[in-house]
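Residues per chain are reported as follows:
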Protein chains: 4
Amino acid sequence: MPTALARWERRTEWPLAGVASCFLAAYSVQVLVRPVGIFTETTEAVILASWAAFGADFVVRLCLAERRGRWVLRHLHELAIIALPVLRPLRLLRLVTLVAVLQRAVGGAVHGRIVTYTAATTSLLIYVASLAMLDAERGKGGRIQTFPDALWWAVTTITTVGYGDYTPATPTGRCVAVALMLGGIGLIGVVTATLASWIVRRVSEEEDAQLATKAQIQDLLREVRDLREQVRDLEGSLLGEQSRTR
Amino acid sequence: MPTALARWERRTEWPLAGVASCFLAAYSVQVLVRPVGIFTETTEAVILASWAAFGADFVVRLCLAERRGRWVLRHLHELAIIALPVLRPLRLLRLVTLVAVLQRAVGGAVHGRIVTYTAATTSLLIYVASLAMLDAERGKGGRIQTFPDALWWAVTTITTVGYGDYTPATPTGRCVAVALMLGGIGLIGVVTATLASWIVRRVSEEEDAQLATKAQIQDLLREVRDLREQVRDLEGSLLGEQSRTR
Amino acid sequence: MPTALARWERRTEWPLAGVASCFLAAYSVQVLVRPVGIFTETTEAVILASWAAFGADFVVRLCLAERRGRWVLRHLHELAIIALPVLRPLRLLRLVTLVAVLQRAVGGAVHGRIVTYTAATTSLLIYVASLAMLDAERGKGGRIQTFPDALWWAVTTITTVGYGDYTPATPTGRCVAVALMLGGIGLIGVVTATLASWIVRRVSEEEDAQLATKAQIQDLLREVRDLREQVRDLEGSLLGEQSRTR
Amino acid sequence: MPTALARWERRTEWPLAGVASCFLAAYSVQVLVRPVGIFTETTEAVILASWAAFGADFVVRLCLAERRGRWVLRHLHELAIIALPVLRPLRLLRLVTLVAVLQRAVGGAVHGRIVTYTAATTSLLIYVASLAMLDAERGKGGRIQTFPDALWWAVTTITTVGYGDYTPATPTGRCVAVALMLGGIGLIGVVTATLASWIVRRVSEEEDAQLATKAQIQDLLREVRDLREQVRDLEGSLLGEQSRTR
């Protein structure tokens, strides 16, 4: 039976992905459109509401956890995302969970799932980092002043190319950049590892001397068990003969 | 029996590689030589004809596909290459198919094939990206104004070195750069993965404790079957004795 | 029984980690706070004392080693760290041992241990390299003049992004940078390798045809031994019959 | 029996490594010291003599090869190194062979050998590329004008960091840079792959369910053969009884 925590997490998966989508929409509007008057207040309200939802979810999960100290230690990154305004855009990573949920429904092989997951996470990371960078750098005298420039900067950073034609100058912007660089290391790692796994499999498939499989060992086991049965029968018939000759 | 779609794809493999070669020649001439008068029209005509050929091939394959919705989803990148003029140079990636076809004829081990394939794709990608970048940036006030500079930029980008001495300034040029960066991540991934696969194999070859192979399990199975036969013979001779003593 | 050298190394593990912590504190204060008067002398004294402790440890281990020539060859990097003032900050890598010791006490799977170890080493390397870079470059006319800038430079370098907005200009600074770049190559390598190992395992877990395991082979072996016992009993009963009929 | 070509290659291994060492010394002196008068002529003579030696070796091996067309195709890179003056520094890669020869004499595990080989090749590549870059760029108006700057540029390039504070401006310098970048991709690949192989092995060592080894299968086979022997003996004693009772 799943624990109360696991049940809560399964039930809130979709609602929280919805909250993250609303947050993404409101944050995008706020940064890209820069609304005035009533619209500013609306987007601010949506962002505040989504923050409250994530905070409430964190508190509920903390209460449901069995070993709270250990649970907090393992979810320190979530606490940081909720508590620090600078890490606010990272709340959108909740949408990655959405990809995972959708994929679980569809199914598929490990390699395919990793590819979809990586592509979705990378795209989301680039988009969110560009928004956050633009939000942090605009009007601060840095070079990144438009969304296309921020996108261009994000791609050159996550691929670790790093031309240096656009670089962040504010502390907030640099924090966003560091998150994106770590994402880049991870991206290269996942791409390489998936390819390595695929090549290792292709090579081993082509090898003449294939490894013994579970199924083959079970065939062998069945054979030996049949043999034991046969020997038992032989013994039985021998004993029958003995009783007859006695 | 192969489907109609598979038959069509096998038959059009060579003709389409030929079309891609013509496109490569015409595009190279257009960008590098910048012909005037009748020559401009000729190269334009060849590029238009190759575009029509790829478009027709896409339509025919769409008609032959069994589950069209799913087929389109899986070939969205081809649709994008045909529909968007910006992605025009990517049509040349059809030439990679040529490498694959040639290699299938020659044969060879997995590692060797991956090396040839990677080298060919990377060279083609660098050449095409340099052409496309020069086409996009020339006369737009950017730093990339000659083909050698474009080549130099392409190599620093695909290896993720990214000096930043030459960077694209136009949106089209940046799209080309993003494609090249993704190619670079893939290049590093393939090189690393192939090396990893090779090292893993070398290490496991040197190990004393080698894994059981299919052949060895079969030897063992034969041995056990012979034993069963022997026991059956024994039983037979025992029964013969019983009938004689009875 | 462990050798005298192994016993010495186990006993000095914690004291030397403590010495490294004191060195880290004194070095941080010296570079970041730039104390005056009595405080300068105190930090200098701590740094000198930690150097003496590491030197004494090296000499003791050299004396305890069985094959001294080979031992020195294998610990040349430690000799260099002690003898060359430029490599002074690398003494802090002794703290990585502390992570190893703590982790050995806690236990855990290989993957988890590698992740903790990599995160701790990378953080320490970035912090120490930033300190050393600031120490080397400050007041020399280079661009790196504050600790946040040094940290930003260190992160862009270890992730191999290399924007080039901040670069070292002094020979000492460049030596620090080279050490950090090598650390970056190692970081990418470890991340990729851990991911590859994890993916390879996930893929092989999902495969239907699993490899034969030691346990299964032992089940089979037990089965065959039982059979031999049975045949021996059969032989015994047959001989008994023979002696009775004789 | 080894072919005439294999015998020639084994015999010329050491002499050619010596020629490469002389070339390295002469080339270093020529680039770094820039000798005048008689010394210029001496270094020029040594470089010319080493070129003649490599050329002669290539011709002899071509004559000894069994299938010359295929041999030339497989050694095109050597032909290019001998024929093109730009690739002259690459002749030094012959020294890598020296590392291989020394290591073969010493022995050791696969991982250790790969580490030594990679470290030696990378160091040699960085040194030679710095020399070649300085030779190409000096006095041409580029930023690389001293050997320390060339070394710094080489390290930032091979680690794919690519700050861009020093970049080659001449075509020759850029060719050197491309070779170094490819070396960098290879370096990252080898480091990652070696780590991956090591981690995969560590993880599989810790697993409870270990794979069946050749040795275990042979134990099992011996057991089954003993059993067959036993059954044969049983059959013999049964036949003996039959002949006695008959």
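Residues numbered from 1 in each chain as written. Chains lettered and ligands numbered in written order. Predicted model: local features only at pLDDT ≥ 70, side-chain atom pairs only at ≥ 80, totals over all residues. Heavy atoms only, no water.

For chain A, the name recorded in an unreviewed UniProt entry is Ion transporter, with Mycobacteroides immunogenum as its organism. For the record of chain A, the UniProt heading Subcellular location (unreviewed entry) holds the text "Membrane". (UniProt positions renumbered as here; feature names shortened; annotations may be inferred.)

### Points about the overall build of chain A
Within chain A one finds nine helices and zero strands. In chain A, the order of α-helices and β-strands from amino to carboxyl end is α-α-α-α-α-α-α-α-α. Burial statistics for chain A: of 246 residues in total, 46% are counted as buried. Of the contacts made within chain A by residues no fewer than 6 positions apart, 63% connect residues no fewer than 24 positions apart. For chain A, the accessible area works out to roughly 12100 Å², and carbon and sulfur atoms hold 65% of it. (Helix = DSSP H or I, 4+ residues; strand = E, 2+ residues; numbered from the N terminus. Buried < 20%, exposed > 50% of the residue type's maximum accessible area, 1.4 Å probe, protein only. Contact = heavy atoms within 4.5 Å. Areas by Shrake-Rupley, 256 points an atom, 1.4 Å probe, with all protein chains shown as cover.)

### So, the domain arrangement of chain A
Residues and elements named next belong to chain A. Parsing chain A into structural domains produces domain 1 (1-83) and domain 2 (91-205). Contacts between domain 1 and domain 2 engage 21 residues on the former and 17 residues on the latter. Buried surface at the junction of domain 1 and domain 2, both sides included, amounts to about 1800 Å², of which 70% is carbon and sulfur. Summed over the shared surface of domain 1 and domain 2, the result is zero salt bridges. Remark: the boundary between domain 1 and domain 2 carries two residue pairs in polar contact (both at pLDDT 80 or more). Those elements that provide at least two residues to the side of domain 1 that touches domain 2 are α1 (4-33), α2 (38-64) and α4 (76-83). Tallying contributions element by element places α1 first for the side of domain 1 that touches domain 2, with 12 residues. Grouping the constituent residues of the side of domain 1 that touches domain 2 by class yields 14 nonpolar, two polar and five charged. (Domains from an automatic or database assignment. Buried area = accessible area lost by both parts, 1.4 Å probe. Salt bridge = Lys/Arg side-chain N within 4 Å of Asp/Glu carboxyl O. Polar contact = N/O pair within 3.5 Å; in protein donor to acceptor, adjacent residues only side chain to side chain. Nonpolar A, V, L, I, M, F, W, Y, C, P; charged D, E, K, R; others polar.)

### Some points on the UniProt feature "domain: Potassium channel" (unreviewed entry) in chain A
The UniProt record annotates "domain: Potassium channel" (unreviewed entry) at residues 130-200 of chain A. Secondary structure content for residues 130-200 of chain A is 70% helix and 0% strand, and the end C-alpha separation is 36 Å.

### Some thoughts on the side chain of Thr159(B)
Along the polypeptide, Thr159(B) turns up in the loop between α7 (147-158) and α8 (171-206). A relative accessible area of 1% places Thr159(B) in the buried class. Separated by 3.5 Å, the side chain of Thr159(B) and the backbone oxygen of Thr156(B) make a polar contact. Not counting residues up to four positions away in its chain, the partners in contact with Thr159(B) are Ile188(B), Thr160(D), Met181(D) and Ile185(D).

### Let's talk about α7(B)
Structural remark: α-helix, 3.6 residues per turn; residues separated by three or four positions point the same way. Residues and elements named next belong to chain B. Taking 1.5 Å of rise per residue, 12 residues should cover 16 Å, and α7 covers 16 Å from first to last C-alpha, within 8% of that figure. In terms of burial, α7 is a largely internal element, 10 of the 12 residues being buried. Taken together, the buried positions of α7 are Phe147, Asp149, Ala150, Trp152, Trp153, Ala154, Val155, Thr156, Thr157 and Ile158. Looking one or two places after α7, you find Thr160, whose phi comes out positive at around 60 degrees. (Expected span 1.5 Å × (residues − 1).)

### Some details on the pattern of salt bridges
A side chain of one charge can pair with a side chain of the opposite charge when the charged atoms of the two come close. Residue and element names in this part refer to chain B. Considering all chains together, one arrives at 16 salt bridges over all chains under this definition. The residue Arg61 makes a salt bridge to Asp57 at a minimum N-O spacing of 2.9 Å. Placement of the pair is Arg61 and Asp57 together in helix α2 (residues 38-64), with a separation of four residues, close to one helical turn. Of the residues examined, Arg61 reaches a relative accessible area of 4% and is grouped as buried.

### As for the environment of Ser197(C)
Mapped onto the elements of the fold, Ser197(C) is located in helix α8 (residues 171-206). According to the relative accessible area criterion, Ser197(C) is buried, its value standing at 5%. Not counting residues within four places of it along the chain, the set of residues in contact with Ser197(C) comprises His111(C), Ile199(D), Val200(D) and Val203(D).

### Describing the packing of α2(A) against α4(A)
Residue and element names in this part refer to chain A. Their axes nearest at 10 Å, the elements α2 and α4 cross at an angle of 150 degrees. Considering their axes alone, α2 and α4 lie roughly antiparallel with respect to each other. The handedness of the crossing between α2 and α4 comes out as left-handed. Mapping the contact onto sequence places Trp51, Phe54, Gly55, Phe58 and Arg61 in α2 and Glu78, Leu79 and Ile82 in α4. (Axes fitted to C-alpha atoms, helices over the stretch in contact; angles between N-to-C directions. Parallel < 35°, antiparallel > 145°, perpendicular 65-115°, else oblique. Left-handed = near helix turned anticlockwise from the far one by under 90°.)

### Overview of unusual backbone geometry
Residues and elements named next belong to chain B. Positive phi, normally seen in glycine, also occurs at Arg34, with a value near 50 degrees. Structurally, Arg34 is set in the loop between α1 (4-33) and α2. Assessed through its relative accessible area of 51%, Arg34 is described here as exposed.

### Focus: helix α1 (residues 4-33) of chain D
Residue and element names in this part refer to chain D. In this model, α1 (30 residues) spans 42 Å end to end at C-alpha, consistent with the 44 Å of a helix rising 1.5 Å per residue. The axis of α1 is deflected most strongly, by about 45 degrees, at Glu13, and proline Pro15 appears within four residues downstream. Phi turns positive one or two residues past the end of α1, at Arg34, with a value near 50 degrees. (Bend = angle between axes of the 7 residues up to and from the residue.)

### So, the packing of aromatic side chains
On inspection of all chains with the given rule, the structure shows 16 aromatic pairs over all chains. An angle of 80 degrees between the planes, with centres 5.9 Å apart, marks the rings of Tyr127(C) and Phe147(C) as edge-to-face. Of the two residues, Tyr127(C) sits in helix α6 (residues 110-137) while Phe147(C) sits in helix α7 (residues 147-158), which places them 20 residues apart along the sequence. Note on Tyr127(C): relative accessible area 25%, which makes it partly exposed. When the ring of Phe23(D) is compared with that of Tyr27(D), the centres are 5.7 Å apart and the planes differ by 15 degrees; the resulting orientation is stacked. Of the two residues, Phe23(D) and Tyr27(D) are both situated in helix α1; the distance of four residues between them amounts to about one turn of the helix. Judged on exposure class, the residue Phe23(D) and its partner Tyr27(D) are both buried. The side chain of Arg143(B) reaches across the aromatic face of Tyr166(B), ending 4.5 Å from its centre. (Phe/Tyr/Trp six-rings, centres within 6.5 Å; stacked < 30°, edge-to-face > 60°. Lys NZ or Arg CZ within 6 Å of the ring centre and 35° of its normal.)

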